[in-house]
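# Examining the three-dimensional arrangement
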Amino acid sequence: MNPPIIRKLLTGKVKKLGSPEAKDKMDREWESAIFKQSVEGRKWLSKTGLAGDEVADTKNHGGLEKAIFAYSTHHYDYWRKEQGIEKIGIGAMGGENLAVESLDEQRVCIGDTYRFGEAVIQVAQPRRPCWKPARRYRIMDFALQIQETGRTGWYFRVLEEGYVQAEQELILLERPYPKWTIAQCNEVMYRKKDDLALVEELASCPFLAESWKETLSKRLKGKKTSSSDKRVFGPNKN
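Fair warning: this is a prediction, and the values are worked out from it, not measured in the lab. Counting from 1, residues in each chain are numbered in the order their sequence is written. Restriction of local features to residues with pLDDT of at least 70 applies here, the model being predicted, together with a cutoff of 80 or more for giving and counting side-chain atom pairs; totals for whole chains, interfaces and linings are based on all residues. Computation of side-chain values covers all heavy atoms of the structure but excludes hydrogens and water.

Here we come to the overall build of the chain. Each helix is a run of H or I in the DSSP string that is no shorter than four residues. Each strand is a run of E no shorter than two, and both are numbered from the N terminus. The helix and strand tally for the chain stands at seven helices and 13 strands. Its C-alpha radius of gyration of 17 Å places the chain within 12% of the 18 Å reference for a compact globule of 238 residues. Viewed in the frame of its principal axes, the chain has a C-alpha envelope of about 50 × 50 × 35 Å. Looking at the chain as a whole, 49% of its 238 residues qualify as buried. Taking the intrachain contacts of the chain between residues at least 6 apart in sequence as the baseline, contacts between residues at least 24 apart amount to 76%. Of note, the chain has its 41 positive side-chain charges centred 4 Å away from the centre of its 34 negative side-chain charges. Using C-alpha atoms as the atom set, the radius of gyration is obtained and then compared with a globule rule of 2.2 Å times the number of residues to the power 0.38. The buried label applies to any residue whose accessible area, calculated with a 1.4 Å probe on protein chains only, is under 20% of its type's maximum; exposed applies above 50%, and partly exposed to all values in between. Residue contacts are counted whenever heavy atoms from the two residues lie within 4.5 Å of one another. His is not counted, nor are the chain ends; Lys and Arg add positive charge and Asp and Glu add negative charge. A charge is said to be at NZ when it belongs to Lys, at CZ for Arg, at CG for Asp and at CD for Glu.

Okay, structure coming up:
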């Protein structure tokens, strides 16, 4: 099996789009930094992400446990050929910073630690897709499609800062929890909600991001969690 390679390194600035007077909700004003562009040469990777990169929704994106968002290059063909989204390609999923070849949700595990150029990065959580890619492609249920197919991508935290660039190999340094692939985490979050033994086991994984632990802990305590509608449909529908 080929080693994982970062084919593209991507950054972007916050943009304001749409019109506040638009009748169609999909055309109304919104802000996002999901329109990333590939960058050449070395970029500084800090604890909070790549130099020059921005996030619009700082409550739900960015931060230490969502420093960089990775997406498998193998998924773009699926969205183009199977779902007919012709414009989608590297950097066009919705905010990815790393386009990774030979790595996907079946092969990435929580706590996986990689050498990436001068930096050391660690897998923290799967991405929970939101309504903004749906707005970009005008597909109301796009976030649900991403979620249900398991082609979510994942986030890294940065353990050691340093310069990185495209076409570098990700060198696996440690895999402490091989059971908890990104795919399996998604299964527990969305499909096996009632398997409390699995929920408890995942929630106890020390390298899982705190936001995921909080959601799973509420489930264990029988507390009602917020509806996913706000996340997946947001102002596109409501």
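Bringing the pairing of strand S9 (residues 113–116) into the picture now. Two strands form a pair only when DSSP identifies at least two bridges running between them. Where S9 and strand S10 (residues 119–126) come together, four bridges link them in antiparallel fashion. Note on S10: the bridge partner recorded for Arg115 is Val120. The hairpin formed by S9 and S10 contains two residues between the paired strands, and Gly117 there has a positive phi angle of roughly 60 degrees. Pairing of S9 with strand S13 (residues 168–174) involves four bridges; the strand directions are antiparallel. By the bridge assignment, Arg115 is partnered in S13 with Ile171.

Before going further, it helps to examine the pattern of salt bridges. Salt bridges, as used here, are contacts in which a Lys or Arg side-chain nitrogen is within 4 Å of a carboxyl oxygen on Asp or Glu. If you walk through the whole model with that rule in mind, you get 15 salt bridges. A salt bridge links Arg42 to Glu118, with the shortest nitrogen-to-oxygen separation between them at 3.3 Å. Pair noted here: Arg42 is in the loop between strand S4 (37–38) and strand S5 (43–46) and Glu118 is in the loop between S9 and S10, with a separation of 76 residues, a long-range link. Salt-bridge contacts for Arg80 lead to Asp77; the nearest nitrogen and oxygen are separated by 2.3 Å. Taken together, the positions of Arg80 and Asp77, both in helix H1 (residues 74–82) and three residues apart, correspond to about one turn of that helix. A single salt-bridge network, built from bridges that share partners, covers Arg7, Glu101 and Glu167.

Before going further, it helps to spend a moment on the pairing of S13. When a strand is regular, its side chains alternate between the sheet's two faces. Of the pairings in the sheet, the one linking strand S1 (residues 5–11) to S13 comprises two bridges and is antiparallel in character. If you follow Ile5 over to S13, its bridge partner there is Glu169.

Before going further, it helps to examine the side chain of Thr181. Topologically, Thr181 is positioned in the loop between S13 and helix H4 (182–191). Thr181 has contacts with Glu105, Gln106, Val108 and Cys109, leaving out every residue within four places of it along the chain.

Turning to the side chain of Ser46, a few remarks are in order. In this fold, Ser46 is placed in strand S5. Ser46 gets classed as buried once you look at its relative accessible area, which sits at 16%. Once you skip the residues sitting within four places of it in the chain, Ser46 turns out to touch Val158 and Glu161.

Take the state of the cysteines next. A pair of cysteine sulfur atoms is labelled a disulfide when the two atoms are within 2.5 Å. Enumeration over the complete set of coordinates arrives at zero disulfides. Here Cys130 stays free of any disulfide, with the sulfur of Cys185 as its closest cysteine sulfur at 19 Å. No disulfide involves Cys185; its nearest neighbouring cysteine sulfur is the one of Cys205, lying 7.2 Å away. With relative accessibility at 0%, the residue Cys185 sits in the buried group.

Moving on, we come to the packing of aromatic side chains. Stacked, edge-to-face and tilted are the three classes for Phe, Tyr and Trp ring pairs, Trp counted by its six-membered ring, which pair at centre distances within 6.5 Å; planes under 30 degrees apart are stacked, over 60 edge-to-face, the rest tilted. One pass over the full model with this rule turns up eleven aromatic pairs. Consider the rings of Trp79 and Phe142, whose centres lie 5.2 Å apart with planes at 85 degrees: the pair is edge-to-face. Of this pair, Trp79 sits in helix H1 while Phe142 sits in helix H3 (residues 142–149), and the two are 63 residues apart along the sequence. On the basis of relative accessibility, which here comes to 0%, the residue Phe142 falls in the buried class. Three or more aromatic residues joined by ring pairs make a cluster, and in this case those are Phe69, Tyr71, Tyr76 and Tyr155. Here the guanidinium or amino end of Arg128 rests over the ring plane of Trp212, the centre of that ring lying 6.0 Å away. The criterion is that NZ of a Lys, or CZ of an Arg, lies within 6 Å of the ring centre and within 35 degrees of the ring normal, and then a charge sits over that ring.

Relative to the helices and strands, Thr58 resides in the loop between strand S6 (49–50) and strand S7 (68–72). The exposed category is assigned to Thr58, whose relative accessible area is 62%. In the structure, Thr58 is positioned 33 residues away from Lys25 in sequence and 23 Å away in space, judged by C-alpha atoms.

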